Amino acid sequence: MLSTLLQFLDQRSRGVLDSLGNSHVEKQLVDFAKLCRPSRIVVLGDSKQEIQYIRELAKERREETPLKIRGHTIHFDGANDLARDLGSTKVLTTPIVKLSKRINSIDRDAGLSEIFSLLEGSMAGKDMLVKFYCLGPTNSRFSLCAMQVSDSPYVIHSEDLLYRQGYRQFKKLQGTNKFFSFLHSAGELDERNTTKNYSKRRIYIDVTEGKVYSVNNQYAGNSVGLKKLALRLAIYKANHEDWLAEHMLISGVHPLDKKRVTYFVGAYPSACGKTSTAMIPGNTIVGDDIAYLRKDKEGKCRAANIEQGIFGIIQDVNPKDDPLIYSALTTPRELIFSNVLVTDGTPYWLGMGRKDIPERGVNFSGDWWKGKKDKNDAEIPFAHPNARYTMRLSELENVDPHYEDKTGVIVQGILYGGRDSDTNVPISEALSWEHGVYMGATLESETTSAIIGKTGVRRHDPMANMDFVVVPLGKYLENHLKFGKRLSQKPRVFATNYFLKNNGKYTNTKLDKKIWILWAEGRIHNDYDAIRTPIGFLPKYEDLKDLFQRVLGRNYSKQEYLEQFSVRVSRYLEKISRMEEYFEKETDIPKEFWDVLHVQKNELTKVKEKTMKEILPPDHFP
Ligand code: SPV
Ligand code: MN
């Protein structure tokens, strides 16, 4: 073992490292320790005791405080550190690293020198915690090894809940450097134990080395390496190989009266119905955030959840809309709440369906009372809209029996959905694989509180993955097109929109998504005919009426159908113009993408000229 390391390690940690036998791990730890200068390095294996040690340490260091219900804790991020910070997240570039213009970048040497100066001495007086995880089920084609190094026990505790233990998987590397690594420091903490120098928050991604440096932050989207930081590294890897790393849920759809189960993956921007799609009553959940997709020997598409837990948005989790999650959040189990209101050891969040929200307590702003104002004189809500809960998937009654399968599940359907108040119909099916890639690539969504910045602004977010696509967009789309072409059984692709409005009001209820997904499931099994339109295949009124009646016991009127499924021709043409403008700025956008766009544009233009109408009912189309 490298002698510099020895001074930082006790006997136990030394044993853990020795038995791992990986000189690359040791070399990185030496570099990290020289830089961050912790008092000790604590290297953790995956025993129950080591997991328990972190749970306790998070409380001892007051990064988490126990709540009334057994196993529950509360963690607060700083008042300016409550969402993913895209502005401070940059990819380190060299002449070989090419990116879309939308991804922030910095020259590698300049970036490393900046982040190293911020990390310098950042762990003085603290422990450097080191832990090994596996992205994806262990011992599978999906498995990727990831090492987390952090001075925050909250980060490691979150990862123990969200990811699979990977110490044994690391041993299988037999000393090679085929692993991702994440170095995080929360930096100097204030009296509330939240990051003090948040304006010096930086998250720098070294794609060629498979490393990410993150400093002066605590919010999990910035700090927890295995989540969105690993997603970026995985996207880089997947796009230089032959698979897909996606911001996708995985769910088993169980139609009424039928014994089959059909697996879907689905991409939705943050806070746009992703978890609730994975949690549709009657269906089963494999994952709610990140999926890797690979072709199997028979040419089928397989997906695995790279996580084993949920870091979910808590707003609007209530007994009516989300009974299973609500019940998990209100009964004893290991669970971290973040950025909710806490009064007398009880957590309160927005939209929880309780009328007795206290008028005082502690929230993301510190001590809180009703009427408290921020520095812009705006009233501070009792809980943050991006407040979250962290727990294992196995805590949910509806977890899919195959969620740990090493082979993944066979994907038959892909969903793409954004928060779109004025253009897309609630559900449509792609006319071809290429059209499906187009649907994903042209996803637009109104911004939410999951990302720092203004909310409610229309934003183009290809495959709901744009923030993480650290290769040129053209290359990413080409990889999707190629992936589908190589499959002998291509999944069918659908676009959903749960947020369509008419005269300022939503045209559907939260429950209706169950119907749209069941229709998609039925299409895959040839249960339904559909109407071919330039924007895709649309459902027939009778099929939806029957589904609404049977599944929700509700009468679905023709009027509702027409409001929801009429093709907003002018709106689609406006969207196409936005897409042309956007994609013309990118390089090497595949020809197949432009072909689909031009066909759709011509068909819509013709129909508009012929009918002189802005909106056309589905049955206008043959
Ligand atoms: C999301 O916002 O998409 C999340 C949470 O899954 S975060 O870790 O912030 O990305
Ligand atoms: Mn996400």
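Up top you'll find the structure we're talking about.
Thresholds applied
- Residues numbered from 1 in each chain as written.
- Chains lettered and ligands numbered in written order.
- Predicted model: local features only at pLDDT ≥ 70, side-chain atom pairs only at ≥ 80, totals over all residues.
- Heavy atoms only, no water.
- Helix = DSSP H or I, 4+ residues; strand = E, 2+ residues; numbered from the N terminus.
- Buried < 20%, exposed > 50% of the residue type's maximum accessible area, 1.4 Å probe, protein only.
- Areas by Shrake-Rupley, 256 points an atom, 1.4 Å probe, with all protein chains shown as cover.
- Lys, Arg positive; Asp, Glu negative; His and termini not counted.
- Charge placed at Lys NZ, Arg CZ, Asp CG, Glu CD.
- Axes fitted to C-alpha atoms, helices over the stretch in contact; angles between N-to-C directions.
- Parallel < 35°, antiparallel > 145°, perpendicular 65-115°, else oblique.
- Contact = heavy atoms within 4.5 Å.
- Nonpolar A, V, L, I, M, F, W, Y, C, P; charged D, E, K, R; others polar.
- Pairing = 2+ DSSP bridges.
- Near = heavy atom within 4 Å.
- Polar contact = N/O pair within 3.5 Å; in protein donor to acceptor, adjacent residues only side chain to side chain.
- Domains from an automatic or database assignment.
- Donors = N, O, S within 2.8 Å, 3.2 Å for Na, K, Ca; no water.
- Expected span 1.5 Å × (residues − 1).
- Arc of directions from axis to C-beta.

Side note on the overall build of the protein
Okay, so step 1: Helix and strand content of the protein: 18 helices and 35 strands.
Okay, so step 2: Each principal axis of the C-alpha atoms in the protein carries an extent, and together these give about 80 × 55 × 50 Å.
Okay, so step 3: Looking at the protein as a whole, 61% of its 622 residues qualify as buried.
Okay, so step 4: In the structure as shown, the protein presents an accessible area of about 24300 Å², 50% of it carried by carbon and sulfur atoms.
Okay, so step 5: Averaged over its 91 positive side-chain charges, the protein has a centre that lies 1 Å from the centre of its 81 negative ones.

Re the packing of helix α12 (residues 433-441) against helix α18 (residues 591-611)
Okay, so step 1: Remark: α12 packs on α18, axes separated minimally by 9 Å, with the N-to-C direction vectors making an angle of 85°. For the element pair α12 / α18, the angle class is roughly perpendicular. Counted together, Glu-434, His-435, Tyr-438 and Ala-441 of α12 and Glu-592, Phe-593, Val-596, Leu-597 and Gln-600 of α18 form the full contact between these two elements.
Okay, so step 2: Split into classes, the residues belonging to the contact of α12 with α18 amount to five nonpolar, two polar and two charged.

Observations concerning the sheet that holds strand β24 (residues 388-392)
Okay, so step 1: The five strands lie next to each other as β2-β3-β19-β24-β18, forming an open sheet whose pairing is mixed. Only two strands of the sheet have a single partner each, and these edge strands are β2 (65-66) and β18 (309-313).

Some words on unusual backbone geometry
Okay, so step 1: Positive phi, normally seen in glycine, also occurs at Arg-62, with a value near 55°.
Okay, so step 2: The class for Arg-62 is exposed, based on a relative accessible area of 53%.
Okay, so step 3: With a phi close to 50°, Gln-174 is a non-glycine residue in the positive phi region.
Okay, so step 4: Relative to the helices and strands, Gln-174 is located in the loop between α7 (167-171) and β9 (179-185).

What about the site of ligand 1?
Okay, so step 1: Near ligand 1 the following residues occur: Arg-84, Tyr-219, Gly-221, Lys-227, Lys-228, His-247, Ser-270, Asp-289, Phe-311, Arg-388 and Ala-450.
Okay, so step 2: Side-chain polar atom of Tyr-219 to an oxygen atom of ligand 1: 2.7 Å apart, as the coordinates give it.
Okay, so step 3: One of the side-chain N or O atoms of Arg-388 is found 3.1 Å from an oxygen atom in ligand 1.
Okay, so step 4: Among the residues forming the shell around ligand 1, the class breakdown is three nonpolar, three polar and five charged.
Okay, so step 5: Taken domain by domain, the shell around ligand 1 gets at least three of its residues from each of domain 1 (2-63 + 83-238) and domain 2 (245-308 + 404-620).

Comments concerning the coordination of the manganese ion (ligand 2)
Okay, so step 1: Bound to the manganese ion (ligand 2) on the protein side are Lys-228 (NZ), His-247 (NE2) and Asp-289 (OD), at distances that span 2.1 to 2.3 Å.
Okay, so step 2: Positions of the donor residues of the manganese ion (ligand 2), expressed as sequence spacing, correspond to K-x18-H-x41-D. Note that Lys-228 is positioned in helix α9 (residues 225-239) and His-247 in the loop between β12 (244-246) and β13 (248-253), a separation of 19 residues in sequence.
Okay, so step 3: On the accessibility criterion, Lys-228 (5% relative accessible area) is buried.

Quick look at helix α4 (residues 48-60)
Okay, so step 1: Over its 13 residues, α4 runs 18 Å from end to end, which matches the ideal 18 Å to within 8%, given 1.5 Å per residue.
Okay, so step 2: Among all positions of α4, only Glu-50, Ile-51, Ile-54, Leu-57 and Ala-58 are buried. One face of α4 carries all of its buried residues, which in axial projection span an arc of 120°. Exposed and oriented more than 90 degrees from the buried face of α4 are Lys-48, Gln-49 and Glu-60.
Okay, so step 3: Close packing links the buried residues of α4 with α2 (11-20), β1 (40-44), β6 (127-135), α6 (153-162) and β8 (164-165).
Okay, so step 4: Following α4 by one or two positions, Arg-62 adopts a phi angle in the positive range, close to 55°.

Thoughts on the pairing of strand β25 (residues 409-417)
Okay, so step 1: Most of β25 is tucked away: seven of the nine residues are buried.
Okay, so step 2: Bridge count between strand β14 (residues 262-267) and β25: five bridges; the pairing is parallel. Counterpart to Tyr-263 in the pairing with β25 is Val-411.
Okay, so step 3: Pairing between strand β17 (residues 301-305) and β25: two bridges, direction antiparallel. Note that in β25 the partner of Arg-302 across the bridge is Ile-410.
Okay, so step 4: One ladder, built from five bridges, connects β25 with strand β29 (residues 492-496); its direction is parallel. The residue bridging Ile-414 from the neighbouring strand is Val-493, located in β29.

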